[in-house]
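Chain by chain, the residues run as shown.
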Amino acid sequence: MAEPRIRIPETKSIRGFTLLEVIAVLILIGLLAIAAAGRLSGSRGELHKAADTLKSHLRFAQKMAMNSDLSWGIFSTGGSYWLFSGNSTANRSTLPAEEKDAIDLPDSISTDSFSISFDSEWGMPHDSVQPGNGTRLTADRTITVNSPSSSIDITITRNTGFIP
């Protein structure tokens, strides 16, 4: 007698995702994550932009002082600031690439109120309008740029005026 054969039922081929499909889905998820992060960090981006612009304007004031016989500086009221020369904050000058002499900070962004000037000899920072008064910075000066959710500190190094 012949042995009965055991019959194994045929299995259907189970297909998975191809590598191309997996990569396409991962790219779509990444693009959506980038778009969502961009929307969430919009106000933080404005804060960084305002702080970087203020840094470059402070550096410009120092450069102007070192290339002239006048002191130059930046005066801030908290919501706006401007470049000044000489012994008065009323001697306003227009900053490069700006249309007005006062820079208005974006809504909800502000700074400390401050007056920083740089002397014409070495570009040393001073805490007053007139550097000749012996008001050279005795310690590093920190200016805070604020938004409702965050803040950035700008440090002006005493003696040299270096702004990292």
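Structure first, text after, so check above.
Since the structure is predicted, the reported quantities are computational estimates derived from the model, not experimental observations.

Chemist: How should unusual backbone geometry be read in this particular structure?
Modeler: Leave glycine aside and you will find that most residues have negative phi; peptide bonds, for their part, are mostly trans. Phi at Ala97 takes a positive value of approximately 65°, unusual for a residue other than glycine. Along the chain, Ala97 turns up in the loop between strand 3 (92-93) and strand 4 (102-104). Within the chain, Ser108 stands out as a residue other than glycine whose phi angle is a positive 70°. Relative to the assigned elements, Ser108 resides in the loop between strand 4 and strand 5 (110-111).

Chemist: Teacher, can you tell me more about the sheet that holds strand 5 here?
Modeler: Hydrogen bonds along the backbone pair up the strands of a sheet, which may run parallel or antiparallel. Read across the sheet, 3 strands follow the order 5-8-9 without closing on themselves; strand pairing throughout is antiparallel. Either end of the sheet is taken by a strand with one partner, and the two such strands are strand 5 and strand 9 (151-156).

Chemist: I tried to follow the nonpolar core on my own but got confused; where do I start?
Modeler: Across soluble globular proteins, you tend to see nonpolar side chains buried next to one another. By size, the foremost hydrophobic cluster in this structure holds 25 residues, and its most contacted members are Leu54, Leu58, Ile74, Ile143, Val145 and Ile154. The biggest single contributor to this core is helix 2 (residues 42-66), with 7 residues. In contact with Ile74, not counting residues within four places along its chain, are Leu54, His57, Leu58, Ala61, Tyr81, Trp82, Leu83, Phe84, Phe114, Ser115 and Ile116.

Chemist: Would you mind going over the pairing of strand 9 with me for this structure?
Modeler: Within a regular strand, side chains alternate between the sheet's two faces. Alternating residues of strand 9 divide into Ile152, Ile154 and Ile156, all buried, and Ser151, Asp153 and Thr155, none buried. Here strand 8 (residues 141-146) pairs with strand 9 via 6 bridges, running antiparallel. The residue of strand 9 that forms the bridge with Thr142 is Thr155. What sits between the antiparallel neighbours strand 8 and strand 9 is a turn of 4 residues.

Chemist: Whenever I open this one, the packing of aromatic side chains confuses me. Can you help?
Modeler: Two aromatic rings, taken as a pair, are described by how far apart their centres are and by the angle between their planes. On inspection of all chains with the given rule, the structure shows 1 aromatic pair. Ring geometry for Phe75 against Trp82: centres 5.1 Å apart, planes inclined by 45°, an arrangement best described as tilted. When its relative accessible area of 8% is taken as the criterion, Trp82 is described as buried. Over the aromatic face of Trp82 sits the side chain of Arg92, whose NZ or CZ is 3.6 Å from the ring centroid.

Chemist: Would you mind going over the pattern of salt bridges with me for this structure?
Modeler: Should the charged atoms of two oppositely charged side chains come close, the side chains can pair. All told, the structure shown has 3 salt bridges when counted by the stated rule. The closest approach of N and O atoms between Asp104 and Lys100, which form a salt bridge, is 2.8 Å. The partner of Arg141 in a salt bridge is Asp127, and the shortest N-O contact between them spans 2.4 Å. Linking Arg141 in strand 8 with Asp127 in the loop between strand 7 (125-126) and strand 8, this pair joins segments that are 14 residues apart in sequence.

About the criteria used
- Residues numbered from 1 in each chain as written.
- Predicted model: local features only at pLDDT ≥ 70, side-chain atom pairs only at ≥ 80, totals over all residues.
- Heavy atoms only, no water.
- Helix = DSSP H or I, 4+ residues; strand = E, 2+ residues; numbered from the N terminus.
- Pairing = 2+ DSSP bridges.
- Core = buried A, V, L, I, M, F, W, Y, C linked by side-chain atoms within 4.5 Å.
- Buried < 20%, exposed > 50% of the residue type's maximum accessible area, 1.4 Å probe, protein only.
- Contact = heavy atoms within 4.5 Å.
- Phe/Tyr/Trp six-rings, centres within 6.5 Å; stacked < 30°, edge-to-face > 60°.
- Lys NZ or Arg CZ within 6 Å of the ring centre and 35° of its normal.
- Salt bridge = Lys/Arg side-chain N within 4 Å of Asp/Glu carboxyl O.

Function cannot be inferred from these measures alone, as they are strictly geometric.
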